Every structure is written in C-alpha cells, then in structure tokens.
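Residue-level structural notes
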Amino acid sequence: MHRLASLPPTTLRSPASAGGGAMGSAGGGAMGSAGGGGGAAAAEFERLVSEATKRCRARGEAPAAWSAEVASCAVARGLELPSAELGQVLVSHLSANFGEPSLWKLLDHAMASRLISSLHALCLLTPRVLSCRQAQPEAYRLYLELLARYAFSFEYVASKASRDKIVSAIDANLQLSRIYGINVGDLGLTLVIFFFSTIVSLIDSSMEDWGLQIASMGGLGGSFGSMDHHQRNVDIRGTQDNKRNGHREYKRNMNSLIAMEVLENLTRSRKALALLRLVHMNMPDKFNGLLQRLQFLETCELPSPNLISAKEVLSRLSSNIQKVLAFEYDLKRSFIGMFLDVRSIKSVPCSESGSALSVCWAPLDLYMETAMDARELPGTSAIAILTEIIFVLQALNRASWQETFLALWLSALRLVQRERDPPEGPIPHLEARLGILLCIVPLAIAGVLMDDIDLSSTSSCDPSESFLSDPGHGHRIDEKVHGLRRNGLISSLQLLGQFSGLLHPPELVQDAANSAAAKAANSSYKQMKGNDSIGVGDCEVLVKCGGNMRHLIVEACIARRLVDTSAYLWPGYVPTSVFSIPDSSMKEMSPWSAFMRGSALTDSLISSLVATPATSFAETEKLYYVALNGSNEEKSAAARILCGASLSRGWNIQEHVVKFVVKLLSPPVPVGHNGPQSHFVDYMPMLSALLFGISPIDTAHMLSLHGVVPEVAAALMPLCEVYGSLNPLSSCESRTSEEPSVYTVFSAAFLFLLRLWKFYKPPIDGGAIGDELTLEYLMLLHNSRKSFAMNQTSSTSDEPVYVDNYPRLRAWYCQNKICIASPLSGLCSGSPVHQVANKILSMIYSKMTRSTSSSGNSSTTPTNSSVVGSPISAGEEPYQRPVLCAWEVLEAIPFVLEAILSACAYGSLSSRDLTTGLRDLVDFLPASLATIISYFSAEVTRGIWGPVPMNGIDWPSPTQSIRSVEFEIKEILAAAGVNIPSYSSGVAPMLPLPMAAMVSLTITFKLDKSIEYLLAVAGPAMENCASYCPWPSMPIIGSLWAQKVRRWHDHIIVSCSRSVFRQDKEALAQLVRSCFASFLGPLDDLNCLLTDQPGLDGLIGKSSALGVPPSIGPGFLYLRSCRSIQDKQYLSDAIVRLVVEYCSKLANRCAETSSAHLKSGQASLSLAAARIKEVALLGACLLSSAGGMHLPQELIRDNIPTWLLTIREQKHGEGSFASRMFEGYGMAYLVYLAGAFACGVRVRAAPWVYSRRSHIIGEHMDFLARVLEGNVSLGGDPVTWKAYISCLVGLVVSFAPAWVREVKHETLGRLARKLWGWRECELALSLLERGGFATMGPLAEFFSVMD
C-alpha cells in the first residue's frame, strides 16, 4: 500500500488523549478474559505489546520488525495466530493515536502477515474512523486504503475457540446481531454482514458530508459512522492556521469521492457480487434499502460541486450493485452447465392443435387426464397441484410466462377435445373436462399471479422465510414480477386465436360460447358508440354469434379479475358475424333474474333454476340462505338447485358454489332449537336433497377437483353419527314415497363418506404402504387446513375433528377393518348383535320364500324392487321390517352374510334366494351395501370359497357376449402394444362364490339417477375385487354388465382392458415400454431418438374430430390403471430401467452422428440433452401418476440409491464413457422431476408439498455426501456417479434453489468441496450461495480462488 509507506510523520495529528483512552477500552470487554486470566491478563498483554512498539520506535526499525516483536509477545502468551487479542490491542493503540504513521504501518503489516484477522481489525477500526472522519481526514484516507486492500481477506483460523472470540468481539463492537436481527455466530456470516454494512455506512457518511438529508431507508439504521459510543469528533480549533484548515477541508471533500471510488472498485469483484447476493437473497428488505440510497443519489439535483463530480463514480457503483439482482454463477463454463442450458426442442407452436408444444409440457396433459379418473377422489385440490406443476415446468423449460400460460390453455383445450363425446357410463363426462378448462385452470393461474404477492407477506409460515421482515422496497419488485406474469397471461389469451382447431366448442357449450361472443360484441359496440347507445341486432338469435372456446376462457378470466373487459377490444376477438344482444334482453331470458326479484319457488321455476347455471356470487349466496332459513319445501328446493347446473356447469362461479355446498353439509343450529334431538334432524329435507344432489359421480368428482374432500368427510361424520343412531318410523306406519327417511339420509351420507377412501381394501393390497387415503388421514388434512386458516385469521373457535369424536362411527370403522383383516369370530348366542342378526335373517328369509313361490326360474333375479329405502308394501307382515337404528343393523350384517353365504355354499340356500336376500337387505338399508362389499371383498382375497359356474342355471351366464368382449379387450391391448394369452374357449366361466354373489346383486339394480350413489360404491369395489380372482374374472363381470346395459359397452370394454395390468406383470412391463415408445419413438430406432418423435398424441391418443371417436393410446390405459397396480415397486423399477436404456441409446446415437469426442458435437449434445430431459420427464410423470407423492419418495429414498450402489453387467454397448455419463444425467433428471412434482420448487410451496422436502431432498443429499466421503461403498460406475451428482446439483441450484434450504449446511459444504475437486467450481459456489448465511463458512474457503 504505497500511501501507507510514503506518508511523512507530520501528516497526521493525534486526537486528545482522553478520547483515545475511551476508544482504547471500547470493545475490549469481549476480549477481557482472553489470553489466560481475565482483565489483568489482558492488561498485562497490552502492556507488553506497548513496550515492544516503543522499543521498535526508539530503534527506528521497519514495520516488519515491529510485527515480529508483537508476534513474539503473542506467542509468548500462548496465543494462536491470527490472534484476536493482538488485533484488539493494535487497533486500540492506533485509535488512541491516529496521528502516528508507524502504527498504521504496523497494522498494515500485521494484517498482511496474518498475525491478526483482517476482518477483525477492519470491524474494530471502521466505526472509530468513520465517527471522526471530519476531524481526522488523513486517518479516514488511510482507512480507505486498508479497506480496499483487505476487504475480502479471509484468514483461516484453525481453532474454533479463536474463531468464536473473533466473532464475539466483532458482534460486541458493531452490534450486528441487534441491528440485523440474526445470530451472527460464524466468521463467514460476519464477513457478509460487515461488508454490506460498510458499504451502507460509507454511502451514508458521504451523503452526510455532502449535506444531504439521510432518511431511514429499508430499515437500515445505526450505520457505523453514527454509533454513539464511538463518537470522537475532536475539536481542533486553534491548532492550525487558515491555510492548514483549507488543505484539510480539501481532503475532507476528496475523501467522500475516494470512498465512493473504493466502493466502486470493491463491488466490481465477483467476491462482492457473491457477498451482496447473499444479502439480497436472505434479507431483501435490507438490500432494497441500499438500492434506495443509490437511486436517491443518482436522482439528486442538489447543486453541490462535490456531488456533481461524484456522479460518474456513483453511476458505476449503482451499476455494480444492480448486477447483483441478475447475477448467477456462470455454469455454462462447465460441461454440466452446457448440458443443462438447453431449451426443449419443440418450444414454439406451429400447428393449430398446439401439438408442437406438447412434448416439453406433457406433464400438464398427463395430469389433467389423470384428474379425470373419478375412481380416485384425492384430498388435494387440482388447483394447488396444477399451480405447482406450472412453476416446475416454467423453470425447467426456461419459458416466458406467455409460453407457459399458452401451453396451459392448449393442454386444457386438448383435454376437452380429446373426448367431445365420451362413452356413456359411470365416469366423469364433458362437464368435468370443461370444469378443468374454465374453472380449475383460471384458479391455478390466479395462484401463480398471487404468488409474488404472497412472497412479500410478513405472515409467512415458511421456516425458510424467517429472515424476511417488512417488505418495504421489495413490493415494487414484486409488482414488476406480477406485471410480467399478467402481461404473459394476456399475450397467451391473444395468441389462442391462432389455434382454431382446438377452439370449436362442443355442442354442450355452443350456446354459452355464442352468448359470451354476443356479450363482447355488445360491450365493444357500446364503447365505440357511447354507453347510452343500444346494442344492434336486438332480434337476432344466439346461433349467429359465432362464439368459440376462447370467448368462454376469457369470460372465465374476467369473472376472476385476471383480465378486464378491455379484452373485448382485442383485434379479431369479436367475430365479424356476431349479432349483439343487449344486456337487458339477456337477463330477461334467465330464470335467475326472477329468483333475485323474489319470485316464489314454483315447480317450473325450480326446474329452470336446476337446469340453468347461476351467473353471479350474489345469486348463489341468496340460494344458500334460502336453504338455511326457508320452509322445508324451499330448503329442499334450494339444495337441489345448488347441486344442479350451477355446480356442474357454473364454471365462472363454481368455486363459490362448492364452498356453499360444503357449508350446507354442516348447517348451524337454527334459532329456537331446543331439546335433546340434534339440530341436524330439523334440516332433514334439505340434507336429503343435498346429499343426493352431490352423490352423482360427476358432482363428487368436481368436489374432489376443488380439494374439499377432507372438509366433506369432516361434515359427513356427524351426520352419520346422528342419523345412524335414530330409529326409523314404525314398520306399521306408512309414509309417502317422496318423504325422506332416516335410513335414506343416513345411507346417502354414509356411502358418500365411504367413497372418499378405499374402505374395502384388504391389508395385503398395495405394494407401497401409505399409498391410499384413510379416514384418519383425511381428518389430518382437514385439521391442518383449519389450523392454518385459524392462524391466518387469529380465530380459535373451531376444534379439530377426529374419528374418536363419533363413537358409533368409530365402532363400525374398527369392525370393518377387523372384518377385512381376518375371518369373523364366533358370535355369542343371545347377545344384542345376535338378536339383531336373527331379526334381519327372518326378514330376508321371508322375502326369499315369497320370491321363490312367485317364480320357478332360479337363474334370474327380480328387477322391479326399489333400492331407495321404500315403505313397506301392503303384503308384508309388520315383523318383517325390524325397527332398528342403522348402526345396529350394520354391526350385525357381517354375521348375516356369513350365514347366508355358508348356506348357499352347502346347498341349503339357492343362488336365487341368496341374491334375493341380499337385494332385500339393500332395499331395507341401502348403507348395508358397504358392509356387503367389505365382507365379500375380504372373503375373495382369503380364497376360502370355491368357484361357482356362471352357466345361466345357478348363476347368470356371460356366454352371450364374453367372446366378443374378450376379442375387443385384446384388440385394445394390441393397439397399445400389449399382448396377452387367449382364454381357453373350452373352459366354462366361473367366479368365486362371494364374487358371483356380488355381481348378481349389482346387476339387479335399476339404472336410475336415484341409485347412482350405490353404483358409485359398487363399481370400483367390484373391479378391485376381481383383481384377486383368476383371469378372466373381469371379462366375465364385464360381459354380464354389457348384457344388462348395452349403452355402457365401450366404457365396460376399456375398464376390463385396464384390469389386465393389475394381475399380469409382463403385460404391465409391455404397457410401460409402449408408453415410452409412443412418446419418444421405438428404442431400437436410433434415427427416431434424435429426430421427431410421436409425442403426446401417440401417448394418450389424438383429439377427436367431429363425429370421429378418439383413439386410445397406451398412456391413456396406463393413467386409468396405474393407481390400482398392486406391485408399485415393480412398476418403479420398470420405469427406471427404461430411462437408463433410452439414455444409453441416446449416447450411442450421439457418438455415431457427431464426433468421437462428445464435447465437439455441440449441436448433437444439445439435442441429446433435450432428449434426455424428455425421457426423464415422461418417467417422472408416469411415476407421479401411479403413486401420487409416495412413489417419487420411494424412488428417491430406495430405488436410486440401490441403482447407484449396485454393480451391473454392461451389455449392448452400454460400457462406453458417453453411455455411462448419459445414464447418470438421465437419472438425475428423473430424480429432480419426480421430486419437483412431489415437493414443488417454490420458496412458499403449498403446505402439503413443503412438509415433505426435508425428508425427501434432505435425506437424499445426506446419502450422497456420505458416499462421497467414503462412508458408503460405491458399486456403480464412477463416471455414472459423478455425472449423476453433478447434474442433480446443477438442476437443483438452477431450477429449485428453495430445496437447498432443506439440506444441512454441513452436507452442503461436503458436496461443494467434492464438486470443487471435480473442477465444478461454479456449481459448488452456486450451491453454497443458495444455502444462505449458514453456508458462508464453506463459501469463504473458496474466496481466494473465486476470481
């Protein structure tokens, strides 16, 4: 440092000795006990150092000799170098005599020689110098020189005790923990905070020197120059003449400029960028305060000559600081960085169907198609899941928000067009697909747009956000992000007009599309002609309006305030053929206007309201209060209306309708209610209409899409408890068929509750534990959501809900699990349950006797009895219908079933009488169907009942259609690339006795809306039960149902086709391989691997043209069958093997088409990298579709570690360097994507994904660190291992930096050191940077080589 060496002794003047004494003792408390013996020892050490400096000064020795002397003093006292105690003494001596040049040179040499910590010395010196910079401009100038030289010095301190001393002394002196509200317990963190604070303090000091008003900006107060206990502005009046004063004033003015120059030079370094970026990422409000200061200085117009001369320096300084916002470690310098820096090959739409976008956005299509499987009612909303997928894909594809939202709209449009006319059957229909497009997708986009606002909230529940405080200046940046996203949404909606092939509306919504187009035309006409003008073409009809799906999409966005009505003025939005209809005439056509005017709910108005969806929140809200406060007839009618078209087709307000439906399931206690009876009984008409209104498969499926399954379950449990405990009307008492009964309401509530989880699943089912919902887990979800909502609203009124709160329900729940797990134990004669069972047996045997006497054909069963809990017919005896509460009946039914099934097996009861008895039992109490299903399913899995011939004599025969059904099944499977053996035609069709009884019972049901709630329970249970029977059980069942309901034929054939994969692992492996081939191209066709591949159309089928049925791809069969596959581990292994195979083939192809050296084929490398990403993308999608969150978790915890540690034989050219490396890359992509779909990538992820991160991601990173340190033996190839770790870390830091916070900082340090040893330096630094302040220690280790 040339200035320190050349300054003459007369340059500096010493401050008053009193001030020096005060300064010398400041900050010494932290060191008082250092050096072996408390304050006396510290004072003795300070005396020795003082005497040593005096001797050196007397001899006129060079600074090196001074350093040697003081170092010998430290060594003699047994102090470790660099010494905190020595640094404290040297700074104290200098502070007491700033005018002594030799002390400055000694400090400089001691820092250069690492006798003292440079960071420690600067931290002690900074506040002392800044506080007296006006009185001692020379000292300030020399301090700036030291700062410029040693700001980034980070000496290694071996002893933890010495490190702790230095950190404690710095914190005690600068009060960093108090000012910044964090625990400064590490040298690396201290360096970050000190560097940032010094920048702020120097800027504040210069602003003060320039006469500018300093306001508190970004919560940054208490800068070093204004700390009271360091204030030392010494009065120097009378010691200099005027000339001397003028020279010092010049130095003061120059120092402010030099300070800015020093900061500009420091912030130009990559080390400064790294330090400041940590502040920006972890304390954005503090960093924004720095930005505010610089912005103020740049825009300040004060006529100060000093400020004007500093403008250029300030501009460069501001530019350096702004680079922090966009700074990223240049991963492109490394091979792995080049590999990750690829965009998907097909990223620009070039066809009317948007298929060009389908490859890189395939998870959107696959998830939406998976969501159409109504057999699964997930507890998490499709809105939340779709929101997480959007963020994952937007980052992975490096896409703009316009591209992201456009891909989202196109995926939803393809979902609708894929089944414009879906086959009839108990499956979700077109309304559900339109609900995804017009409700779920807009709400997911709303979540994306609100994400940046949530980030600035101070009520964050995310532990990783604990550093955040008042957003302050950050809100401006969030608004910028919010604007970018909203502009991307608007641009995507404008571009949708180019995809006319997807915009043709299905017939169901043609009128709605025309109405939306007419509304837009009318609005734009008024804006052009003036608001007082009347719309043109008042008499024209809606058919001429030419509306399409884009008009419905825009209306859905306007309803949720995602865009405004300025969309009506977009070029080409209003078709030229539109004939507008004024708003007044449109309102008159709606029955809702009459309802809002207060018209009575007549039968005709009720029918119109049921068939017409509501259009506003006010309409549904009024209906809700009618359902609560009206007469019994009005309550029932309001519930029916709410569950009608408003719920199924009111897409613009569907989320509000869903909330009102859930609230009505838990009605409040009415005014004036008293007595022991539950208030739920007062609402019986309304609850009956509501429960049957939500029971249809489409409606229940829509509720699950909105994620209210846990809330519905919590609301149904008290209803079941209350109504199941009530005795029905007397068996002799008649009632009208329209009046709801206790049994009816209970059965509707009970069966709907059971549909929410697989209540009939035996314990041996499901290869992966935790793959299925349970009632306890639903309550856990419900309680966690309620707890979160209470925390947000500071409410404490609601109590958590548990199964144990409802003793009768809990008793049945436990009995059901016992029944499934083991055979029934003996029943004590004369017990209450035995008495009830005898009454039920007497009832059904009486019905069997009458049915047998009226018909001699035992192969058929009666089909004219009602299954709605009907009143007793005139011919029935009073004793035949026992008066029992539903819980008593359900408790006895397993014993009744065991008795009649045993009687049938031993020939004492005919098959016809068995079916008749079961049917009468369901007629008596429809809820008994659940116990019948559980018992028969358990008995089938136990395999103790022999098969019975389905020959048309004893049991119904499928021979009429079974051959054609089998042929069609094989045809569908063959088209999907799956071959199965033929069923021998010489063998008579047979089923196990319980299975035959269950099928015979279900085919007696009439296909009526009133019993759809029964079929919704029986259908999935039969399909599950058939998987435990030998093939071809499912074709037999399907044939019987196809003979009964011919219009369900197509649905039945597809259902039978997917059942193959539950029983045949080889067929499952063929299906998975066919999925890869249909999406990526055949594995053996090397040309296809690096050229165009079939893509999404080949995977799940093409969108259907008008009048043409859609094709069924292998992916469609996979999505409809994967969740019910028992051996999930086998499925996961099959997917992993295919990912490895494809990556190996890609490497071989890449080597053939480019150079022998992989790096030289840049274009080929980029193409191969994109293909590897797509291979892994498909694998991750298939895994997530099959196992939800559990299977990806098992992949990361078990499959991948096993794969990495297992020694495998190399074959088919897999031993090449490129193939082993590509295998590692492919597996890294698979792990990242599977983890991203399971855990999300946002900082503020949804609670249901955030809770899993530390377990899934943190544990896997710990495993990798243990292997790197040699604690786990490595069986796999080192090339593959290195490629896997490098690529996985690169993916995490590039696309999911929030994950790094879930990893222990010790683990991050170990991973970074290994990456550094592999010359992946930028990757190591980027990993540590995202670890936050806790990883500053390891990050500082690399400072010396960072530049």
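This one's a predicted model, so the numbers in the text were calculated from it and none came from an experiment. (Residues numbered from 1 in each chain as written. Predicted model: local features only at pLDDT ≥ 70, side-chain atom pairs only at ≥ 80, totals over all residues. Heavy atoms only, no water.)

When helices and strands are counted, the chain shows 60 helices and two strands. A fraction of 80% describes how many contacts in the chain between residues 6 or more apart in sequence connect residues 24 or more apart. Summing over all exposed atoms, the chain offers an accessible surface of approximately 51,000 Å²; the carbon and sulfur share of this is 54%. (Helix = DSSP H or I, 4+ residues; strand = E, 2+ residues; numbered from the N terminus. Contact = heavy atoms within 4.5 Å. Areas by Shrake-Rupley, 256 points an atom, 1.4 Å probe, with all protein chains shown as cover.)

For the structure shown, the criterion picks out 24 aromatic pairs. For the ring pair tyrosine 624 and tyrosine 625, a centre distance of 5.1 Å and an interplane angle of 70° mean the geometry is edge-to-face. Arranged with centres 6.3 Å apart and planes meeting at 40°, the rings of phenylalanine 1222 and tyrosine 1225 form a pair that is tilted. Highlighted residues: phenylalanine 1222 and tyrosine 1225, both in helix α55 (residues 1217-1239), separated by three residues, approximately one helical turn. Three or more aromatic residues joined by ring pairs make a cluster, and in this case those are Phe617, Tyr624, Tyr625 and Phe660. Above the face of the phenylalanine 595 ring, lysine 622 is positioned so that its terminal group lies 4.9 Å from the ring centre. (Phe/Tyr/Trp six-rings, centres within 6.5 Å; stacked < 30°, edge-to-face > 60°. Lys NZ or Arg CZ within 6 Å of the ring centre and 35° of its normal.)

The topology assignment puts serine 256 in helix α12 (residues 242-266). Relative accessible area serves as the criterion here: at 1%, serine 256 is assigned to the buried category. For the pair serine 256 and serine 205, spaced 51 residues apart in the sequence, the C-alpha separation amounts to 7.7 Å. (Buried < 20%, exposed > 50% of the residue type's maximum accessible area, 1.4 Å probe, protein only.)

Summarising the element assignment, valine 948 is placed in strand β1 (residues 947-949). By relative accessible area, valine 948 is classed as buried at 12%. For the pair valine 948 and methionine 990, spaced 42 residues apart in the sequence, the C-alpha separation amounts to 5.4 Å. What valine 948 contacts, discounting residues up to four positions off in sequence, is Trp955, Pro989, Met990, Leu991, Leu993 and Ala996.

Right, let's talk about unusual backbone geometry for a bit. A cis amide bond links leucine 81 with the next residue in sequence, proline 82, at an omega value of -5°. With respect to the helices and strands, proline 82 occurs in the loop between α4 (63-76) and α5 (84-96). A positive phi angle, close to 60°, is found at arginine 114, a residue other than glycine. A positive phi angle, near 60°, is found at arginine 561, a position not held by glycine. Its place among the elements puts arginine 561 in the loop between α25 (549-559) and α26 (583-588). A residue is classified by how much of its surface remains accessible, and arginine 561, at 73% relative accessible area, is exposed.

The next thing to look at is the environment of glutamine 677. By the element assignment, glutamine 677 lies in the loop between α32 (654-664) and α33 (684-694). The partly exposed category is assigned to glutamine 677, whose relative accessible area is 42%. For the pair glutamine 677 and leucine 726, spaced 49 residues apart in sequence, the C-alpha to C-alpha distance is 9.6 Å.

Quick look at α55 now. With 23 residues, α55 should cover 33 Å at 1.5 Å per step; its first-to-last C-alpha distance of 33 Å lies within 8% of that length. Of all 23 residues that make up α55, 22 are buried, and the element is covered over most of its length. Where α55 terminates, the next one or two residues include glycine 1240, which has phi positive at roughly 70°. (Expected span 1.5 Å × (residues − 1).)

Here helix α40 (residues 886-905) contains 20 residues, and its C-alpha end-to-end distance of 28 Å stays within 8% of the 28 Å for a straight helix at 1.5 Å per residue. Maximal helix bending in α40 amounts to about 35°, located at isoleucine 893; proline proline 894 follows within four positions. Burial of α40 is extensive: 14 of the 20 residues sit out of reach of the surface. (Bend = angle between axes of the 7 residues up to and from the residue.)

Let us look at the pattern of salt bridges. This structure, assessed with the given rule, holds 39 salt bridges. Note that arginine 316 is salt-bridged to glutamate 264, the shortest N-O span being 3.6 Å. One end of the pair, arginine 316, is in helix α16 (residues 311-326); the other, glutamate 264, is in helix α12, and 52 residues separate them in sequence. Look at arginine 316 and you get partly exposed, because its relative accessible area is 33%. Looking at glutamate 264, the relative accessible area reads 5%, which means it is buried. As a salt-bridge pair, lysine 817 and glutamate 776 come within 3.6 Å of each other at their nearest N and O atoms. Pair noted here: lysine 817 is in helix α38 (residues 807-821) and glutamate 776 is in helix α37 (residues 775-793), with a separation of 41 residues, a long-range link. Counted as one network, the salt bridges with shared partners bring together Asp365, Glu369, Arg414, Arg418, Arg433 and Arg1120. (Salt bridge = Lys/Arg side-chain N within 4 Å of Asp/Glu carboxyl O.)

With that settled, consider the nonpolar core. Where a protein is soluble and globular, its nonpolar side chains tend to be buried together. In this structure, Trp409, Phe750, Phe1076, Tyr1118 and Tyr1232 are the most contacted members of the largest nonpolar core, which totals 435 residues. Broken down by element, the residue count for this core peaks at 16 residues, all from α55. Residues in contact with tyrosine 1118, not counting those within four places in the same chain, are Leu1071, Val1072, Cys1075, Leu1131, Ile1135, Leu1182, Leu1183, Ser1185 and Ala1186. (Core = buried A, V, L, I, M, F, W, Y, C linked by side-chain atoms within 4.5 Å.)

As a general rule, the predicted coordinates of low-pLDDT regions are not to be interpreted in detail. Looking at the chain, the pLDDT average stands at 79 and 78% of residues meet or exceed 70. Within the model, pLDDT remains below 50 along residues 1-37, and this stretch shows 87 contacts once partners closer than five positions in the same chain are excluded. Between residues 1154-1160, whose pLDDT stays under 50, and residues either more than four places distant or in other chains, the model counts ten contacts. (pLDDT = per-residue confidence, 0-100.)

Here the focus is the packing of α40 against helix α41 (residues 911-924). One way to put it is that α40 packs onto α41 with a least axis distance of 10 Å and a crossing angle of 170°. Accordingly, the angle class assigned to the pair α40 and α41 is roughly antiparallel. Along the contact surface, α40 presents Val889, Ile893, Leu897, Ile900, Leu901 and Cys904, while α41 presents Ser911, Leu914, Leu918, Leu921 and Phe924. Grouping the amino acids of the contact of α40 with α41 by side-chain chemistry returns ten nonpolar, one polar and no charged. (Axes fitted to C-alpha atoms, helices over the stretch in contact; angles between N-to-C directions. Parallel < 35°, antiparallel > 145°, perpendicular 65-115°, else oblique. Nonpolar A, V, L, I, M, F, W, Y, C, P; charged D, E, K, R; others polar.)

Below, the discussion takes up the packing of helix α7 (residues 118-131) against helix α11 (residues 187-209). Interaxial distance between α7 and α11 falls to 11 Å at its minimum, and their mutual angle equals 20°. As summarised for this structure, α7 and α11 are arranged roughly parallel, according to the angle between their axes. Of the two possible hands of crossing, α7 and α11 adopt the one that is left-handed. Between α7 and α11, the residues in contact are Leu119, Leu122, Cys123, Thr126 and Leu130 and Leu187, Thr190, Leu191, Phe194, Ser201, Leu202 and Ser205, respectively. Looking at the contact of α7 with α11, its residues break down into eight nonpolar, four polar and no charged. (Left-handed = near helix turned anticlockwise from the far one by under 90°.)

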